[in-house]
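What follows is each chain in one-letter form.
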Amino acid sequence: MNDSKWTWRFVCLISIAATLIFIVGFGYAVKDIVYPQGDAPLTALPQKTGAPDEEVTGILKVVAIGDSLAKGTGDNTGSGFVKRAVEGMSEGDQEVNLLGNLGINGLTTLGLQNELNEEGVKYTLRQANTILVSIGGNDLFRGAGIVQSNSNTSSPTSDEPSAPTDELTSKELLAALPEASKRLEEALLKIAEINPEAKIYFLGLYNPFGDIPELRVPGNQAVTVWNNAAMDIINTHSNMTLVPTFDLFHNHLEKYLSTDHFHPNGDGYQRIADRIIQAVH
Amino acid sequence: MNNLLPLIRNECIKILKKKRFYVILLILAVLVPMFTYAQMRIAERSQDKFNSDWRLEVQQQITDNQNSLSSDRIPEEWKSYRRIFVQQLQYYLDHDVNPNEPSGVTFTREFLDNSVTLFIPLLIMAVASDLVSGERTTGTIKMLLTRPVKRWRVLFSKMTALIMFVSLIVLSTFLVSYLISGLAFGYRGFNVPVFTGFQIGGDTVNMSTVHAVPQWKYILMQCGLIWFVSIVVALLAFMVSVLVRSTAASIVVMMATLIAGTILTNMASAWTTAKYLFMVNLGLTGYLAGTPSPIEGMTLPFSMAVLGTWGLISVIISFTVFTKRDILN
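Because the structure is predicted, anything quoted here is derived from the model rather than measured.

Draft legend 1. Broad picture of the overall build of chain B. Looking only at helices and strands, chain B has 13 helices and four strands in total. Taking 20 Å as the expected radius of gyration for a compact globule of 329 residues, we find that chain B reaches 22 Å, a close match to that expectation. Dimensions of chain B, computed from C-alpha atoms along their principal axes, come out at roughly 70 × 45 × 35 Å. Counting over 329 residues, chain B shows a buried share of 41%. Contacts spanning at least 24 positions in sequence make up 78% of the contacts within chain B whose residues lie at least 6 apart.

What follows is the structure, encoded as structure tokens:
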């Protein structure tokens, strides 16, 4: 009896105390959710953690940014050129850290510019000393509406009825170029500004439509113009390198492109990765 | 009042003597280490991958979610969920606050968030479901009712004892989870800021009312909300135990409704009238964390009103049935 008296008191006391605490918490919660007190998000400003790196160690810290190629779309193993390159680079004594892969499917130069304004992206880039950039394919091919409607770009706007379709698509492809390459320049400069120390490797474009007769020539032209524009930008910065891919795919599309006929397949990515390894080492 | 206190005491001692409460503690003591271990493995793995820099990890998480947004195979509701999630992560990153600062307190916060809709209600049911039906199964109800005590007093004392134990269960869930996970993650972290006040409208999050709250206060608010949910679940289980003759049946009925609730919240966003069901409204802590409500148009006052109404009705039903019904055997 004495024992149960003691437990009863104990239970009673604790449960009443707990109930009171919970009622207070409940009141707080309701108040906080229904009337959220104003805005006080100035609590903690983004701490500018620059990367005064321990460069001495010689560890490669890799970050990839850009479009679906950076992400690795089309590779059945999901590795993409980024992971393959990192694997290849770390084969020797070299220590390689992949800090992150910020590739986003369908990203254009415009999207990349927006990305580069994000605090988190900036932070990630700042931690790296090797930055792999792949961008432009979506500006060039998606902007001209080719990917969605393969070569169905009929010509109602053409002035001369005799104009062959390739010239038209070539014009369309080239139309997107000046602005896109300007944005590319801005984006690359921005990356270099975010992290002046890092080496930037920019992936040149290939023509995924080389085996479609109407698109072969205009596609090649547009890609060449784009790659030249990129080269012009990159040549003026010692920290940037252009890694060409045009020749890798030129006459081997069916071998190295995945089933969507736009992205490389695993073998295609491996070839790109090999190029990058050569450029880095 | 003089009359009630001994009755309540009697009921409390009965609950304790039936050892149900100890079973609950045992369940917690077994399950929490499992969750802690799982969480530890996740933390270890991400430390390996991201150089133990949480910012890189959060940024990768954002990118991964953005990537899944472009997929056509993902239903629109999930996309808006992910868009909201991305914006919240972005907010944490912009303010340099780790949303998952590894500590026993953070673990407890997440554990409470995840257990409010199913796990804690189950624990509550373990006590509530046999309060009256248990007396019937064993036949002790006759003894209880032949005493010169009014029936409503008997029921009221049972209900009070139940509410006391609800508080104890919520408290012990917190304590057990904090004490055990603290062994693995450390006991500090009560002052780490957590953001709350995300206002969700469709796809976008209104950040103007977001503010930081120290984690202890966040957990206090969470516990308050969980306590409210638990009381309602307890009252409902109590009603079922008055209505149904056998304990097993009463547990099955409550379990079925709760599980139906979790299934509904996962798939019934198109069936909007489901929001008047109590089991869809159990996730009150989601309003605190800023997760989108399972059905468009649900708010905290709405959910509280729904839960409150269900609780009140079940009290009324329990009392009318219990005071009127003949006890046959």
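Still more ground to cover, so stick around.
Draft legend 2. Inspection of the sheet that holds strand β5 (residues 240-243) of chain A at higher detail. All names here are of chain A. Strand order in the open sheet formed by five strands is β2-β1-β3-β4-β5, and the pairing between neighbours is parallel. Taken across any chain shown, the strands that pair with only one partner, and hence form the sheet edges, are β2 (96-103) and β5. For this sheet the average axis-to-axis angle between neighbouring strands, irrespective of direction, equals 20°. Both strand β3 (residues 130-134) and strand β4 (residues 199-203) contribute to a ladder of four bridges, which runs parallel. In the sheet register, L132 faces β4, and the bridge partner there is Y201. Here helix α3 (residues 80-89) sits on the sheet and contacts β1 (60-66), β2 and β3; the angle it forms with β2, its principal contact strand, is near 170°.

Draft legend 3. Main features of the interface of chain A and chain B. Facing the 44 residues of chain A at the interface are 48 residues of chain B. Those elements that place two or more of their residues in the side of chain A that touches chain B are α1 (2-34), β2 and α5 (119-127) of chain A. Tallying contributions element by element places α1(A) first for the side of chain A that touches chain B, with 20 residues. Residue composition of the side of chain A that touches chain B, grouped by class: 23 nonpolar, 16 polar and five charged.

Draft legend 4. Molecular detail of the pairing of β1(A). All names here are of chain A. The buried fraction of β1 amounts to six of the seven residues, a majority that puts the element mostly inside the structure. Relative to β2, β1 runs parallel, the two sharing seven bridges. Following the sheet pairing, A64 is matched in β2 by N101. Pairing between β1 and β3: five bridges, direction parallel. Opposite V63, over in β3, you have I131 as the bridge partner.

Draft legend 5. Highlighting the packing of α3(A) against helix α12 (residues 266-280) of chain A. Residue and element names in this part refer to chain A. Running from amino to carboxyl end, α3 crosses α12 at an angle of 50°, the nearest separation of the two axes being 8 Å. It follows from the interaxial angle that α3 and α12 lie oblique. Here α3 and α12 pass one another in a crossing that is right-handed. When α3 is examined against α12, the residues G80, F81, R84, A85, G88 and M89 are found in contact with a partner set consisting of Y269, Q270, I272, A273, D274, I276, I277 and V280. Counted by class, the contact of α3 with α12 contains nine nonpolar, three polar and two charged residues.

Draft legend 6. Summary view of helix α11 (residues 247-267) of chain B. Its 21 residues place the ends of α11(B) 31 Å apart at the C-alpha level, agreeing with the 30 Å of an ideal helix rising 1.5 Å per residue. On the buried face of α11(B), the contacting elements are α6 (119-128), α7 (133-138) and α10 (215-243) of chain B.

Cut-offs and rules
The residue numbers shown here count from 1 along each chain, following its written sequence. In the order they appear in the text, chains get letters beginning with A and ligands get numbers beginning with 1. Predicted model: local features are reported for residues with pLDDT of at least 70 only, side-chain atom pairs are reported and counted for 80 or more only, and whole-chain, interface and lining totals are derived from all residues. Elements are defined by DSSP. Helices are runs of H or I of four residues or more, strands are runs of E of two residues or more, and each kind is numbered from the N terminus. This radius of gyration counts C-alpha atoms alone. The globule rule is 2.2 Å times how many residues there are, raised to the power 0.38. Residues are called buried when their C-beta atom has 20 or more other C-beta atoms within 10 Å, exposed when it has 12 or fewer, and partly exposed otherwise; all C-beta atoms are positioned from the backbone. It is the C-beta atoms, placed from the backbone, that decide contacts: two residues are in contact if theirs lie within 7 Å. Only strands that DSSP links by at least two bridges are regarded as paired with each other. Orientation is described by axes fitted as lines to C-alpha atoms, over the contacting stretch for helices, and by angles from 0 to 180 degrees between their N-to-C directions. Residues are sorted three ways: Asp, Glu, Lys and Arg are charged, Ala, Val, Leu, Ile, Met, Phe, Trp, Tyr, Cys and Pro are nonpolar, and all the rest, Gly among them, are polar. Roughly parallel here means an angle under 35 degrees, roughly antiparallel means over 145, roughly perpendicular means 65 to 115, and every remaining angle is called oblique. For any helix crossing, the convention is left-handed if the near helix is rotated counterclockwise from the far helix by under a right angle, and right-handed if that rotation is clockwise. Expected span of a helix: the number of residues minus one, times 1.5 Å.

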